[in-house]
Amino acid sequence: MNQKTNKWMYMRAQQSRAYVTHFVSPERTLQPFYWNSVIAQNATHNPQNSVSLYKQMQALSIPPNNFTFPALLKACAALGHPRTTQQIHVHVTRRGLASDKFTVSALIDAYGKCGSASDANHVFDEIPQQAMDIVSWTSLVSALSSNGCISKAFEIFSRMKHSADPQCCKGDIVGLASLVSACTAAVDDGLNCLSFGQAVHALVVKHGFESNTRLSNSLVHMYSVCEAMADASKVFDGIMIELRDVVSWNTLISGFARNGEPERALQTFNEMKSMGPMAVATNRITMIALLKSCADLGCADTSRWIHNYIASHHSSLLSSNDIVVLTALIDMHSRCGNLEWAQKIFDKVEKKNVVCWSAMIAGYEQSFCPEEALFLFRRMLMEDCNEGIDIKPNVVTLLSVIAACSALGVSRPAKVIHKYVLATGLNTDARVASALVDMYGKCGDIELARQVFSETDDLSKTLISWSAMIGAEGLHGEGQRALNLLKEMRANGFRPNEVTYISVLSACSHAGLLEEGNSCFDSMEREDGISPTTKHYACMVDLLGRAGHLDEAYGLICSMAVEADLAVWGCLLAACHLHSNCKLGEVAEKEILSLDSHSVGHRVLLANMYEEAGRWDDVIRIRVELKRKGLRKIAGRSFIEIGNKVYSFLAEDRSHHESEMIYKELDALDEKVKDAVKYDRETNTEVEDIGSVITRCKYHSERLAIAFAFMISNRNSFSNKNCRRTNDYLAKETEAYPPIRITKNLRVCRDCHYYTKLFSKVTKRELIVRDAHRFHHFKDGLCSCGDYW
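Keep in mind that this is a model prediction, so the values were computed, not measured. (Residues numbered from 1 in each chain as written. Predicted model: local features only at pLDDT ≥ 70, side-chain atom pairs only at ≥ 80, totals over all residues. Heavy atoms only, no water.)

Trainee: How would you explain the overall build of the chain if you had to name every residue and give the values?
Mentor: Helix and strand counts for the chain come out as 42 helices and 6 strands. Counting across all 789 residues of the chain, residues that qualify as buried make up 50%. Of the accessible surface of the chain, which amounts to about 38,200 Å², a share of 52% is contributed by carbon and sulfur atoms. (Helix = DSSP H or I, 4+ residues; strand = E, 2+ residues; numbered from the N terminus. Buried < 20%, exposed > 50% of the residue type's maximum accessible area, 1.4 Å probe, protein only. Areas by Shrake-Rupley, 256 points an atom, 1.4 Å probe, with all protein chains shown as cover.)

Laid out in structure tokens, this is it:
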């Protein structure tokens, strides 16, 4: 509460005291009218004063009457104190006013607003038949509706229509509005609110209230909350154009935004502006709904246009530091790819709350900037400590931070975040627990992922938790474990969904479990009624293709119930590259280019396949075409965690301040590896014939990361005096060293995969490499993938 509000309340209290001092003079002590008047004046804005005045009234033995209690009960409703209401109820009964229709209606309303629907119903049941009127009936309907007793509210409403009072038979707009609000509020209670809402709508039409704008607006909102936007649109269209107010438009726009129809929301906004003389002015609520719609749409140009519209038509929203609007702007710009705009707005926000911080952190995480997301999270914690502002991270914040750790694949920050989650007690949240399992799986700590999953209470485990653990096992090539988890999940009463099956089929693909994968794919629709999507087909094509069943994979694509997308054809092309099937690879190429003529990764993969087949004319053709269209391959980037810091390397990167030393280290390692093992590229092609390819692969990002990690570990282990590295040292056991952890944004190439195996054998170091497809655990010259990735 701000200083201005405090001052206003203090002045009101002083006025009340002055007023009481005035009329409690001897000549006025026996006049309840003045007491009733001041109690009524304070009932809404200063309800506690009304209760205090009533106590003074009792102390002075001034008898309350039928005008005292309605105002006093209004104050009780505003306070929301059921005990105070019960005490007043006793006084009402003692004064013999239990049959006064105004007092009884106020009492029912007060109980309803204090959360005591049963007491409200009890009061109504004791009303004499002759005292029942439309107000008392409506008060009970509202009391029941506001407390989630929808079925009972409908029962009372039905009884009201069959009562002897002719006014009740016609229905009441207040009661109908209460029922509509009840349907809206009880969506989360699992009731069939849509059927209730449609019944209320029928009553509205029957009693001729459809022309009431306020009631129609409530119906539009009710239908949108019940995810029935077609019905919401019909109600809105039924409102006369001249009767549509800003609430009408805002309710429909917000409904489209809530139900994932951002295009319709923007279209409705344009209609709202183009109504000519009858156009309704937009307001703050309009802008908030519009910002959410644009964020869901993800269009950078539209986001800039909306920002400019707000700046020109609602500049006060920006200058007044409206935290809700500014946070919505941050969310919109970050989700539309305008991170620079989002950051500028974020920096200017005064007194940022947890929602604002969470929006900016999520923006970086969703824009594939995990390092920036983690840095901002650290800033958030520091500002919470330094400024004394309560901006403690919540579940939403932590889900974004955990996702950032997952994207980076770094173990140390992941463990720090986990400790923070445990310290705040948020590990009991099922979403956070599932995210932690996924995080450790993607950070290479599969044992920790299993530990978190096993320590999660069985009652807290959800389908998402099981799917996350199955996915983590699959990512590490543990296909059989993933299948065992699927059986265990079923035994615990969970039925797999689409995401679960994607995880299981992917696990089978990574582990080469052809028979098991086919069995799962067949049972998906037969046992669980799940129709395969393109993602499921992509997993199966990948599984068949890796196993060498290329014709069967192609046949599956041709028989798909849905149209194959880039992912499906890409899996076939990768299999053709793996098994050097250029003929089928060309078929996949044509389909890929028909879907995306600017696809770069697939063209590069095709060029590599032609290169290994010695078809240099085709290699040149693809490279020339890429250059002509200005298309460039995504730069290979590797992240490596050393100590408390994450380092990033690009292919042929020289931006690091120790790049010269890194390159020297890599050259030295190459010589030692060549001396220990005869090095070739696992192909039939002679090394000297493709020297340019060897040169390019030599400085791939993961090799630079490996050299840097090796250099740092040696530097930390030996003094400068004894830093000379010998073959004896390389052969020495180094069990004290932790694994070298590397995360790569692309799939590891064959050359680097083979090189890393040799490195692990020669240096006796363990490496955990996560590429775009899976994890590789290198140790003693072997990889956990079994050279199947």
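Trainee: Break down the pairing of strand 4 (residues 767-770) for me, with residues and values.
Mentor: Side chains of strand 4 alternate between two faces, with Leu 767 and Val 769 and Ile 768 and Arg 770 buried alike. The pairing of strand 3 (residues 740-744) with strand 4 spans 4 bridges and is parallel. Looking at the pairing, Thr 743 lines up with Arg 770 of strand 4. The pairing of strand 4 with strand 5 (residues 775-779) spans 4 bridges and is classified as antiparallel. Note that in strand 5 the partner of Arg 770 across the bridge is Phe 775. The antiparallel pairing of strand 4 with strand 5 creates a hairpin that spans 4 residues between the two strands. (Pairing = 2+ DSSP bridges.)

Trainee: Requested: an account of the packing of helix 13 (residues 213-225) against helix 15 (residues 246-258), with residues and values cited.
Mentor: Across the interface, helix 13 lies against helix 15 with an axial gap of 9 Å and an inter-helix angle of 5°. Relative to helix 15, the element helix 13 is oriented roughly parallel. On the side of helix 13, the interface is formed by Thr 213, Asn 217, Val 220, His 221, Ser 224 and Val 225, while helix 15 contributes Val 247, Ser 248, Thr 251, Leu 252, Gly 255 and Arg 258. In the contact of helix 13 with helix 15, the residues fall into 4 nonpolar, 7 polar and 1 charged. (Axes fitted to C-alpha atoms, helices over the stretch in contact; angles between N-to-C directions. Parallel < 35°, antiparallel > 145°, perpendicular 65-115°, else oblique. Contact = heavy atoms within 4.5 Å. Nonpolar A, V, L, I, M, F, W, Y, C, P; charged D, E, K, R; others polar.)

Trainee: If you had to explain the sheet that holds strand 2 (residues 645-650) to someone new, which residues and values would you point to?
Mentor: Pairing is mixed in the open sheet, where 6 strands are placed in the order 2-1-3-4-5-6. Where the open sheet ends on each side, the last strands, each with one partner, are strand 2 and strand 6 (782-783). Along the sheet, helix 24 (residues 395-408) makes contact with strand 1 (637-642), strand 2, strand 3 and strand 4, crossing strand 4 at roughly 110°.

Trainee: Now, about the UniProt feature "repeat: PPR" (unreviewed entry) in the chain: what can you tell me, with residues and values included?
Mentor: UniProt feature "repeat: PPR" (unreviewed entry): in the numbering of this structure it lies at residues 133-163, 245-279, 322-356, 462-496 and 497-532. With 81% helix and 0% strand, residues 497-532 has its two end C-alpha atoms placed 11 Å apart. (UniProt positions renumbered as here; feature names shortened; annotations may be inferred.)

Trainee: Let's hear about helix 25 (residues 411-424): which residues, and what values?
Mentor: Over its 14 residues, helix 25 extends 20 Å from the first C-alpha to the last, a length consistent with the 20 Å expected when each residue adds 1.5 Å. Where helix 25 is concerned, the buried positions are Ser 411, Ala 414, Ile 417, His 418 and Val 421. On an axial view of helix 25, the arc spanned by its buried residues comes to 125°, and they lie on one face. Along helix 25, the residues that are exposed and aim more than 90 degrees away from the buried face are Val 416, Lys 419 and Ala 423. Phi turns positive, to about 75°, at Gly 425, one or two residues after helix 25. (Expected span 1.5 Å × (residues − 1). Arc of directions from axis to C-beta.)

Trainee: Any chance you could break down the environment of Tyr 755 for me, citing the residues and the numbers?
Mentor: The residue Tyr 755 is located in helix 42 (residues 750-763) in this model. The class for Tyr 755 is buried, based on a relative accessible area of 3%. For the pair Tyr 755 and Gly 781, spaced 26 residues apart in the sequence, the C-alpha separation amounts to 9.3 Å.

Trainee: Which residues make up the packing of helix 27 (residues 446-455) against helix 28 (residues 463-475), and what values do they have?
Mentor: Packed helices, taken two at a time, are described by their axes: the angle between them and the distance between them. One can describe the packing of helix 27 onto helix 28 by two numbers: an axis separation of 10 Å at closest approach and a directional angle of 160°. The angle between helix 27 and helix 28 places the two elements in the roughly antiparallel class. The handedness of the crossing between helix 27 and helix 28 is left-handed. In this structure, helix 27 uses Ile 446, Ala 449, Arg 450 and Phe 453 to contact helix 28, whose residues at the interface are Ser 465, Trp 466, Met 469, Ala 472 and Glu 473. Partitioning the contact of helix 27 with helix 28 into residue classes produces 6 nonpolar, 1 polar and 2 charged. (Left-handed = near helix turned anticlockwise from the far one by under 90°.)

Trainee: Please provide a residue-by-residue account of the pattern of salt bridges, values included.
Mentor: For the structure shown, the criterion picks out 28 salt bridges. Between Lys 292 and Asp 296 there is a salt bridge, with the nearest N and O atoms lying 2.9 Å from each other. Placement of both Lys 292 and Asp 296 in helix 17 (residues 284-297) is noted, with a separation of 4 residues, approximately one turn of the helix. By relative accessible area, Lys 292 is classed as partly exposed at 38%. Overall, Asp 296 belongs to the partly exposed group, its relative accessible area being 30%. Taking the shortest distance from any N to any O, the salt bridge between Asp 542 and Arg 546 comes out at 2.7 Å. (Salt bridge = Lys/Arg side-chain N within 4 Å of Asp/Glu carboxyl O.)

Trainee: Describe the nonpolar core, with residues and values.
Mentor: Within the largest apolar cluster, 187 residues are counted, with the highest numbers of intra-cluster contacts made by Ile 108, Ile 330 and Leu 572. Discounting residues that sit within four places of it in the chain, Ile 108 has contacts with Ala 120, Val 123, Phe 124, Ile 127, Ser 136, Ser 139, Leu 140 and Ala 143. (Core = buried A, V, L, I, M, F, W, Y, C linked by side-chain atoms within 4.5 Å.)

Trainee: Could you give an account of the side chain of Asn 217, naming the residues involved and the relevant values?
Mentor: Looking at the element boundaries, Asn 217 is found in helix 13. Overall, Asn 217 belongs to the buried group, its relative accessible area being 6%. Side chain to side chain, Asn 217 and Asp 245 meet in a polar contact 3.3 Å long. Each residue touching Asn 217, except ones within four places of it in the same chain, is listed here: Ile 239, Asp 245, Val 247, Ser 248 and Thr 251. (Polar contact = N/O pair within 3.5 Å; in protein donor to acceptor, adjacent residues only side chain to side chain.)

Trainee: Explain the pairing of strand 2 residue by residue, including any values.
Mentor: Note that strand 1 and strand 2 share 6 bridges and pair antiparallel. Paired with Ile 640 across the strands is Tyr 647, a residue of strand 2.

Trainee: I'd like to hear about the environment of Ile 740, residue by residue, with values.
Mentor: Looking at the element boundaries, Ile 740 is found in strand 3. The buried category is assigned to Ile 740, whose relative accessible area is 4%. Residues Ile 740 and Ile 768 lie 28 residues apart in sequence; the distance between their C-alpha atoms is 6.1 Å. Among all residues touching Ile 740, those that are not within four sequence positions of it are Ile 640, Ala 709, Phe 759, Arg 765, Glu 766, Leu 767 and Ile 768.

Trainee: Go over unusual backbone geometry, please, and point to the residues and values.
Mentor: If you check the backbone angles, Ser 580 has positive phi at about 55° while not being a glycine. At Glu 652, a residue that is not glycine, the phi angle is positive and equals roughly 55°. Considering the arrangement of structural elements, one finds Glu 652 in the loop between strand 2 and helix 38 (659-676).

Trainee: Could you give me a rundown of the packing of aromatic side chains, with the residues and numbers involved?
Mentor: Here the structure, examined in full by the defined rule, presents 15 aromatic pairs. Taken together, a centroid distance of 6.3 Å and an interplanar angle of 75° make the contact between Phe 269 and Trp 305 edge-to-face. Of the two residues, Phe 269 is situated in helix 16 (residues 262-273) and Trp 305 in helix 18 (residues 300-313); the sequence distance between them amounts to 36 residues. Note on Phe 269: relative accessible area 0%, which makes it buried. Connected via pairs of aromatic rings, a cluster forms that spans Phe 269, Trp 305 and Tyr 309. Looking at Arg 244, its charged tip hangs above the ring of Phe 236, at a distance of 4.4 Å from the centre. Sitting over the face of the ring of Phe 453, Lys 461 holds its NZ or CZ atom 4.1 Å from the ring centroid. (Phe/Tyr/Trp six-rings, centres within 6.5 Å; stacked < 30°, edge-to-face > 60°. Lys NZ or Arg CZ within 6 Å of the ring centre and 35° of its normal.)

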